[in-house]
Amino acid sequence: MALADFIQQLDDISSAAKAAFDAAADSDSIDVARIDFLGAKNGKLKAAQKGLGSVDKADKPEAGKRFNEVKNQVEAAFQAASDRVASGGAGGAGKSAEIFDPTLPGKRPRLGHLHPITQTIDELKDIMGRLGFSVADGPEIEDERHNFEALNIPADHPARDPLENFYLATAQKSQAGPLLLRSQTSTVQIRVMEETPPPVRIISLGRVYRPDTADATHYPMFHQIEGLLVDTKVTMADLKSVLRLFATSYLGHDVHVRFRPSFFPFTEPSVEADMSWNDNWIEFGGAGMVDPNVLSAVGYDPEEVSGFAFGLGIERLCMRRHNITDIRDLYKNDVRFLHQF
Amino acid sequence: MIVSWNWLKDYVALDADPAEVELRLMMAGLNHEGTEKVGDDLAIDLEVTSNRPDCLGHIGVAREASVLFDAPLSVPKATPREGTASVSDLTKVRIDCPDLCYRYTARVIRGVKIGPSPDWLTNRLETIGIAAVSNVVDITNYVLMECGQPLHAFDLATLAGAEIIVRGATKGEQFVAIDHKTYELSSGTCVIADASRAVALGGVMGGEVTEVSDSTTDLLIESAEFAPVSIRSTARKLNLHSPSSYRFERGVDPEGVDWASRRCCELILDLAGGELAEGVIDVGRDRTAREPVVLHFSQLERILGINVAPEEVRRILAALGNTETATDSEKVQVTGPSWRRDLTREIDLIEEVARIHGYDQIPEDAAVPMCPSHRTDDDRVLAKVRNVLTGAGFDEALTASVVREAWSDAFSPWTDTAAIQSHTPTLKGADRLRRSLVPSLLGARRVNESVSNPTIELFETARIYLSSSNGLPREQRTLAISTGGDYGTLKGVIETLIKTLNPACHLDVQATRQAFLDADKSCELRLKDQLLGFLGEVTPAGLKAFKLRAQTTIAELSLETLGAIANLTPQHVDQNLFPATSRDLNLIVDEPLRWAELESTVWKSSGECLESVAYQDIYRDTKRDGDEKKRLLFSILLRSASGTLTNKEADKIRDAIVAACTQQHGAKLLG
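Given the structure is predicted, the values throughout are model-derived calculations rather than measurements.

> Even after reading the chapter, I still don't get the overall build of chain B, so can you show me in this structure?
Helix and strand content of chain B: 21 helices and 33 strands. The globule rule puts the C-alpha radius of gyration for 671 residues at 26 Å, and the 40 Å found for chain B is more than 25% above it. In terms of overall dimensions, chain B has a C-alpha envelope of 130 × 60 × 50 Å along the principal axes. For chain B, the residues scored as buried account for 41% of the 671 residues in total. Counting only contacts in chain B whose residues sit at least 6 apart along the sequence, the fraction spanning at least 24 positions is 69%.

This is the structure:
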């Protein structure tokens, strides 16, 4: 036999033995492998040793040396396997029938989930933040000046009907007259503009309240996001462009925006903005150029500055995105519902 | 507003197919809601915004189409043939309430023959969903839907004294309407009366006694203008909403009142015969002349971001019915048409030009200047709070801001002042602005228990509403937590929260008494000298009140206080690289001794090398230690800034701690 063949035979035995001992999970299977490779009568090493005789005489010292190396390797693998089984997974010394089951579930930490409305709000804040809009906050309980008058909604406007609003019975009458739960987040625009000279570039978000009977698409409390940009030289082209950037960021691909004329007391021109989505136009929200009366009401000069504003319902965006069909599910707080998001 | 396609084409010749007309109308402000085929006609549903009552009639919609398609608009002249008898000899009209009724016109037709309307008329009414009644009634409805001006036909013979008095109702006055129901009126309601009683609710509904019947021969045709606010409140109070009240609420064309009357009479003469008395009775206030409005062409670019050619601007404004009174290269001056009382300012004209010229002309790729934005500290704190709580396994709930009285009263740790009430409840019975989020979270627990959810760990961040003696009420941003775990579990979460916001901050507790919280296992939480909030296990009575089965612990914290202590920009401190040594201590102490007191002694007596004190456990072995004794197990971690501590040095520190605890608290070292 050529030396190379003999060495090849030894190497094969070595790797097969290592694999067998490593795979052995208990002492019985180790024993099977021991007899197979190290058995005194029919072990594979014993058989190989017999082959030593047929190697050329000149190659014998080298062949013998290699044989001893491989024998040591196989014995070491046997020892390692025996030690492993004796100490490890078997749960103590001695023999055990227990087998580690790698398919058992891991120990999962319980993670809470943020409400889908919060997740939507965070995303909207994030997008608008990148477009340079900072978040402004304002009270949910408002006076008529901020909820109506400064927004160009006169006293005889139907939107001010007591039945269309949640007016409050406050013990002490506010100096600003009766109070109500705000019906829109535009109130924050007024408060910010009253306090800040232009330019103003803000979004306001939060709860708003309108008397609606709760059903699948209505709830007397919901969330709005409202954006406002006032500066010199702000045009409707800026409005359209910002809404397009907003919609593209939110939907993640190239979106177009179209305007349909509409009517809101606090903007003029007023439009409904639609965005193209999967070849359909879907309603995005109301928008427009800030009405000069609103600018005047906060002490801005409508000939010096102009601005745009837009507002959207957050529930609608959230429900459409997650395929939620009943708004009331958002406020039940069933943890199975919350854990979906 | 439902528009009949065939009818619309009476006023404007349209070559375009209906779909294109619908689209163009929508893109100019009349939102297309849908179209239905009715016979050989189409019923096109258009949404009309509240500023455009002129489009609540076919002529108004036709005018929009004529401007958009640049096709001429033709409106009937309405010139009924008059007879010889003078109307003023046949009836008289007086307005006693000029603030409720601005203008009242009456015409008289005698000798009509009531009967069915011809097919063309009934078909058109049917297309737009109005049932045919009789020729005279159908004609009043037809003219209403033609021009948007409501009309009423009285049976002249039934009007006592053959006269009309427009007046405010007396309180409690009874009125039998055309629907045969009796209504009790309140002052402020505008009634049309004859010499003896109310015969109609002005602009809202006719009366039973004076309605046109088959035997009617003489008619008084009313065409009037009523005050929108009065109409709205009457319609709402009596729940009587009609196409007429809808139009009066939005304001009718003051110049269209007489046209509608003439048009109505013209059609009655054609279809029901009779003779029209000469002249009209027209009482009420004078129409004020419209102020002209100037539009500077440069304003179009300033507001819209696009240029519109002056000729196009002038064409649009004229086609919409504005009268141009002056123009030069920079501006145009117009007077708005009577049916467009919303056109009073330059910006109103800009919007008109924009919507007709087309918003699709406005680009969507303008270079909006960049601008820095910043995250508010409130939002940064809130993000940390949410991270800690979701990491600790809590789900975020969102609950209603307004709650029922029972919930409002159940738990109010922040204030004793009564909750603010809303006049109308938001949801069933809920009319108290909440003073605590906790009852809402307990309500959410109940929802979850009812569907057998095994783990209910909830938090919410929202505002609570606290009355204030002046100005707006205080809205405190608040965090509430509810867990199925015990006091210690939730306290640990709060401690982790505090350590995340500011590791240097220490949480203190004080006794508190709160309804529905266990007297012992509850506390007021404090940071430095500020009130942070409340924590406690809910009592069995509390669980019962919220119909809860399983134990729960709640906490409510002020987000404002958390924000005040938050360190949003932590500063690096070099870490000591010498190894630490720990020692376990097991001290027998008196039962009343609190951990916080012992821990304080440990810190004070340990010198510079104490890095941390970790509470381990409490055991009680009364047999060996005696009654009212407990064993406090804790460990200390020691590290020196100047080198590795030897065992001897560490033992010395431990011994000093034990000595201090023995001296101050009578503690005894065990083992």
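> Would you take a moment to explain the interface of chain B and chain A for this structure?
Where interface size is given, it is often the accessible area lost as the parts come together that is meant. Facing 76 residues of chain B, the contacting portion of chain A comprises 67 residues. Grouping the constituent residues of the side of chain B that touches chain A by class yields 34 nonpolar, 25 polar and 17 charged. Pairing between strand β3 (residues 166–169) of chain A and strand β22 (residues 421–422) of chain B: two bridges, direction antiparallel. Paired with A:Leu168 across the strands is B:Ser422, a residue of β22(B).

> Hey, could you run me through the packing of helix α10 (residues 297–304) of chain B against helix α12 (residues 346–357) of chain B in this one?
What describes two packed helices is the angle between their axes and the distance between those same axes. Residue and element names in this part refer to chain B. Packing of α10 against α12 brings their axes to within 10 Å, and their N-to-C directions diverge by 75°. Classified by the angle between their axes, α10 and α12 sit roughly perpendicular to one another. Contacts between α10 and α12 involve Gln299, Leu300, Ile303 and Leu304 from the first element and Glu346, Ile350, Val353 and Ala354 from the second. Looking at the contact of α10 with α12 residue by residue, the classes come out as six nonpolar, one polar and one charged.

> Just to check I follow, could you spell out the nonpolar core for this structure?
For soluble globular proteins, nonpolar side chains are generally found buried alongside one another. One finds A:Leu243, A:Phe308, B:Val191 and B:Leu219 to be the most contacted residues of the largest nonpolar core, which totals 226 residues. Ranked by residue count, the leading element in this core is helix α9 (residues 256–272) of chain B, at eight residues. When residues no more than four places from it in sequence are discounted, the contact partners of B:Val191 are B:Arg167, B:Ala169, B:Phe175, B:Leu185, B:Ala198, B:Ala200, B:Leu201 and B:Gly202. Among the nonpolar cores identified, the runner-up in size contains 19 residues, and A:Ala24, A:Val55, A:Ala63 and A:Ala77 belong to it.

> Would you take a moment to explain the confidence of the model for chain A for this structure?
In regions of low pLDDT, the predicted coordinates are not meant to be interpreted in detail. The pLDDT averaged across chain A works out to 89; a share of 96% of its residues lies at or above 70. Of all the helices and strands in chain A, helix α3 (residues 44–52) of chain A carries the lowest mean pLDDT, 84, while helix α11 (residues 335–338) of chain A carries the highest, 97.

> Would you mind going over the domain arrangement of chain A with me for this structure?
Domain parsing of chain A yields domain 1 (3–87) and domain 2 (116–338). Using only C-alpha atoms to locate each centre, domain 1 of chain A and domain 2 of chain A end up separated by 79 Å.

> In this structure, what is going on with the pairing of strand β30 (residues 581–590) of chain B? I would like to understand it.
Side-chain positions along a regular strand alternate between the two faces of the sheet. Residues and elements named next belong to chain B. With 10 bridges joining them, β30 and strand β32 (residues 629–638) adopt antiparallel strand pairing. Across the sheet, residue Ile588 finds its bridge partner in β32, namely Arg631. Both β30 and strand β33 (residues 668–669) contribute to a ladder of two bridges, which runs antiparallel. Bridge pairing in β33 links Leu587 to Leu669.

> Explanation requested: the sheet that holds strand β5 (residues 92–95) of chain B in the structure shown.
As a general point, the strands of a sheet are linked pairwise by backbone hydrogen bonds and lie either parallel or antiparallel. Read from one edge of the open sheet, five strands run β5-β8-β11-β12-β13 (chain B), paired in mixed fashion. Strand pairing shows two members of the sheet lacking a second neighbour, β5 and β13 (205–206) of chain B, which therefore form its edges.

> Just checking my understanding: could you explain α9(B) for this structure?
Each α-helix turn comprises 3.6 residues. Residues three or four places apart therefore point the same way. Residues and elements named next belong to chain B. Here α9 spans 23 Å end to end across 17 residues, near enough to the 24 Å set by a 1.5 Å rise per residue. Counting buried residues along α9, 12 of its 17 residues qualify, which places the element largely inside the surrounding structure. Considered for burial, the residues of α9 that qualify are Gly256, Val257, Trp259, Ala260, Ser261, Arg262, Arg263, Cys264, Cys265, Leu267, Ile268 and Ala272. The secondary structure elements touched by the buried residues of α9 are β6 (101–110), α6 (135–147), β7 (151–155), β14 (219–226) and β15 (275–278). Positive phi appears at Gly273, one or two residues downstream of α9, with a value of about 70°.

> Which parts of the structure should I look at to understand the sheet that holds strand β31 (residues 610–619) of chain B?
All names here are of chain B. Reading across from one edge, β31-β32-β30-β33 is the order of the four strands in this open sheet, with antiparallel pairing throughout. If you trace the sheet from one side to the other, it starts and ends with β31 and β33, each paired once. Running over the sheet, helix α19 (residues 595–605) touches β30, β31 and β32 and is turned about 150° from β31. Docked against the sheet, helix α21 (residues 647–665) engages β30, β32 and β33, running at close to 15° with respect to β30.

> Honestly, the environment of B:Glu537 in this entry has me stumped. Any pointers?
Residue and element names in this part refer to chain B. Mapped onto the elements, Glu537 comes out in strand β28 (residues 530–538). Each C-alpha atom, one on Glu537 and one on Ala519, is 8.9 Å from the other, the two residues being 18 residues apart in sequence. Every residue in contact with Glu537, bar those within four places of it in the chain, is listed here: Asp486, Tyr487, Leu517, Asp518, Lys521, Ser522, Gln551 and Thr553.

> Teacher, can you tell me more about helix α2 (residues 27–38) of chain A here?
Residues and elements named next belong to chain A. Among all positions in α2, only Ile30, Ala33, Arg34 and Phe37 are buried. Projected down its long axis, α2 carries its buried residues within an arc of 105°, all on one side. Of the residues in α2, the exposed ones pointing more than 90 degrees away from the buried face are Asp28 and Val32. Looking at the buried residues of α2, the elements they touch are α1 (3–23), α3 and α4 (60–87).

> I would appreciate a short explanation of the packing of α19(B) against α21(B) in the present structure.
Residue and element names in this part refer to chain B. Where α19 contacts α21, the two axes come as close as 9 Å, and the packing angle between them is 135°. As judged from the angle between their axes, α19 and α21 are oblique. For α19 against α21, the interelement crossing comes out right-handed. Of the residues in α21, those in contact with Leu598, Thr601, Val602 and Ser605 of α19 are Ala656, Ile657, Ala660, Cys661, Gln664 and His665.

> Honestly, the environment of A:Arg316 in this entry has me stumped. Any pointers?
Along the chain, the position of A:Arg316 falls in helix α10 (residues 314–322). What makes A:Arg316 partly exposed here is the crowd of 18 C-beta atoms within 10 Å.

Conventions adopted
Residues numbered from 1 in each chain as written. Chains lettered and ligands numbered in written order. Predicted model: local features only at pLDDT ≥ 70, side-chain atom pairs only at ≥ 80, totals over all residues. Helix = DSSP H or I, 4+ residues; strand = E, 2+ residues; numbered from the N terminus. Rg over C-alpha atoms; globule rule 2.2 N^0.38 Å. Buried ≥ 20, exposed ≤ 12 C-beta atoms within 10 Å, placed from the backbone. Contact = placed C-beta atoms within 7 Å. Nonpolar A, V, L, I, M, F, W, Y, C, P; charged D, E, K, R; others polar. Pairing = 2+ DSSP bridges. Axes fitted to C-alpha atoms, helices over the stretch in contact; angles between N-to-C directions. Parallel < 35°, antiparallel > 145°, perpendicular 65-115°, else oblique. Core = buried A, V, L, I, M, F, W, Y, C linked by C-beta atoms within 7 Å. pLDDT = per-residue confidence, 0-100. Domains from an automatic or database assignment. Expected span 1.5 Å × (residues − 1). Arc of directions from axis to C-beta. Left-handed = near helix turned anticlockwise from the far one by under 90°.

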